[in-house]
Amino acid sequence: MSSTGRPKHPMAAKIITVVGPTASGKTRRGVAIARHFDGEIVSADSRQVYTGMDIGTGKDIADYGNIPHHLIDIAPAGYKYNLFQYLRDARAAIADIEARGRRPIIVGGTGMYVESLLKGIAMPEVPANEKLRKELSELSLAELTDILSQFKSLHNTTDVDTPQRAIRAIEIERYYIEHPYEAVMVRNPVPVDSIIIGIDIPRDERRRLISERLRRRFEQEDMLAEVKKLLASGIPAENLIYYGLEYKFITLHAIGRISAKEMFDSLEIAIHQFAKRQMTWFRGMERRGFTIHWLPWDMPDTEFLQAVENLCI
């Protein structure tokens, strides 16, 4: 019996991971899998960790129902949560779930988080290098990206859409070069055994859903009000801009730097580009040796769950 009193699913315990681009329905599918296999959700989203950042990050908390979820709302808005902390917290959540006889279901679109976790990478915590940050602070994002590309082994090649993120990535790579003994932990991973399910959605359909969801978030869910509330709580504008996408462009509008039309148009383009980068990352994972089982985004629920079950046998 599981900790909930329900019979455990007869299949041997195995972690299931659900990946896909934004707006593809990952959360709904992950919840369905968790409910079917007596599991709990472990989020792999770099922004859903923040409290008060709900609409812009697409938490869709109501979709979870009675399914327990982890690594959502665990850090205050304005904080800069990082990969080291994610790997530490995700492993702790997985260990806790498995100790209670349940199945971890990893769900998210942050490819760096998913791949690093499944590879079993262990990272030393990298302290801030204020001297380096000052040296890089006057460079443009393009210049910073060029510097980052010169490193032989990047730990992060996506989600670097602001100078602050690029500077942090350079800071981490520079630290590994200067501390090669600690960096050994990164190069000797212990992989996680997981079935990876990819939500396969055609490009045109993905773009349609992204645009529809964006309009809904402004017209029905009032995403602008969410950002204004965060600013009113005392969070500096630059901290919200750091998070990119919705929080970047809406904050720029809220502080009077761009118009409402510029905000919407720029954000729509940025989210489409982000979804493309997500898919590039997942295809890259396949080239790097991961097997992702792509299932149609509109597959009927019963067929979807049966397909997942067949993969887990």
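Further up the page is the structure itself.
What you see is a predicted model, and the numbers here were worked out from it, not measured in a lab.

**Student:** Lay out the packing of aromatic side chains in plain terms, naming residues and giving numbers.
**Tutor:** Applying the stated criterion to the full structure yields four aromatic pairs. Measuring from centroid to centroid gives 5.7 Å for Tyr242 and Tyr243, while their planes differ by 70 degrees, and the two rings are edge-to-face. This pair shows no difference in class: Tyr242 is buried, exactly as Tyr243 is. The structure contains a cluster of three or more aromatic residues connected by ring pairs, namely Tyr50, Tyr242 and Tyr243. Across from the ring centre of Tyr242, 4.6 Å away, lies the NZ or CZ of Lys80, which sits over that ring.

**Student:** Please set out the packing of helix 3 (residues 111–119) against helix 12 (residues 260–287) residue by residue, giving values where relevant.
**Tutor:** Relative orientation of the contacting elements helix 3 and helix 12 amounts to 20 degrees, with a least axis distance of 9 Å. Accordingly, the angle class assigned to the pair helix 3 and helix 12 is roughly parallel. Where helix 3 crosses over helix 12, the handedness of that crossing is right-handed. The segment helix 3 lies against helix 12, with Gly111, Met112, Val114 and Glu115 engaging Trp281, Phe282 and Met285. Among the residues making up the contact of helix 3 with helix 12, the classes are represented as five nonpolar, one polar and one charged.

**Student:** Give a detailed account of helix 9 (residues 223–232), specifying residues and quantitative values.
**Tutor:** By the burial criterion, the buried members of helix 9 are Met223, Leu224, Glu226, Val227 and Leu230. Seen end-on, helix 9 carries its buried residues on one side only, within an arc spanning 160 degrees. Helix 9 presents Lys229 and Ala232 as exposed residues on the side facing more than 90 degrees away from its buried surface. Turning to helix 9, the residues buried within the fold contact helix 8 (203–219), helix 10 (237–242), helix 11 (245–254) and helix 12. Gly234 sits one or two positions beyond helix 9 and adopts a positive phi of about 105 degrees.

**Student:** So what's going on with the sheet that holds strand 2 (residues 39–43)? Residues and values would help.
**Tutor:** The strand order across the open sheet formed by six strands is 4-2-6-1-7-8, and the pairing between neighbours is parallel. Edge strands, defined here as strands with exactly one partner in the open sheet, are strand 4 (69–70) and strand 8 (292–296). Examined bridge by bridge, strand 1 (residues 15–19) and strand 7 (residues 194–200) share five bridges and lie parallel to one another. Its bridge partner lying in strand 7, Thr17 is registered against Ile196. Packing of helix 12 onto the sheet brings it into contact with strand 1, strand 7 and strand 8, and relative to strand 8 it is tilted by some 135 degrees. Where helix 13 (residues 301–312) meets the sheet, its contacts fall on strand 1, strand 6 (103–107), strand 7 and strand 8, and the angle it forms with strand 7 comes to roughly 150 degrees.

Rules behind the numbers
- Each chain carries its own residue numbering, running from 1 in the written order of its sequence.
- Per-residue local features of the predicted model are confined to residues with pLDDT of at least 70, and side-chain atom pairs are confined, for both listing and counting, to 80 or more; whole-chain, interface and lining totals are unaffected and use all residues.
- Computation of side-chain values covers all heavy atoms of the structure but excludes hydrogens and water.
- Only Phe, Tyr and Trp rings take part, Trp by its six-membered ring, and two of them pair if their centres are within 6.5 Å. Stacked means planes under 30 degrees apart, edge-to-face means over 60, and tilted covers everything else.
- Note on classification: 1.4 Å probe, protein chains only; a residue is buried when its accessible area is under 20% of the maximum for its type, exposed when over 50%, partly exposed between these limits.
- A ring is considered to have a charge above it if a Lys NZ or an Arg CZ atom is located within 6 Å of its centre and within 35 degrees of its normal.
- Helix axes are fitted only over the stretch in contact, all axes being lines through C-alpha atoms; the angle between N-to-C directions runs from 0 to 180 degrees.
- Note on conventions: DSSP H or I runs of at least 4 residues are helices, E runs of at least 2 residues are strands, and numbering of each starts at the N terminus.
- Working definition: roughly parallel below 35 degrees, roughly antiparallel above 145 degrees, roughly perpendicular at 65 to 115 degrees, and oblique for all remaining angles.
- It is the rotation of the near helix from the far one that decides the hand of a crossing: anticlockwise by less than a right angle makes it left-handed, clockwise makes it right-handed.
- We call two residues in contact whenever any of their non-hydrogen atoms come within 4.5 Å of each other.
- Classes in brief: Ala, Val, Leu, Ile, Met, Phe, Trp, Tyr, Cys and Pro nonpolar; Asp, Glu, Lys and Arg charged; the others, Gly included, polar.
- Think of it as the arc spanned by the lines of direction from the helix axis to the C-beta atoms.
- Here the rule is simple: two strands pair whenever DSSP picks up at least two bridges between them.

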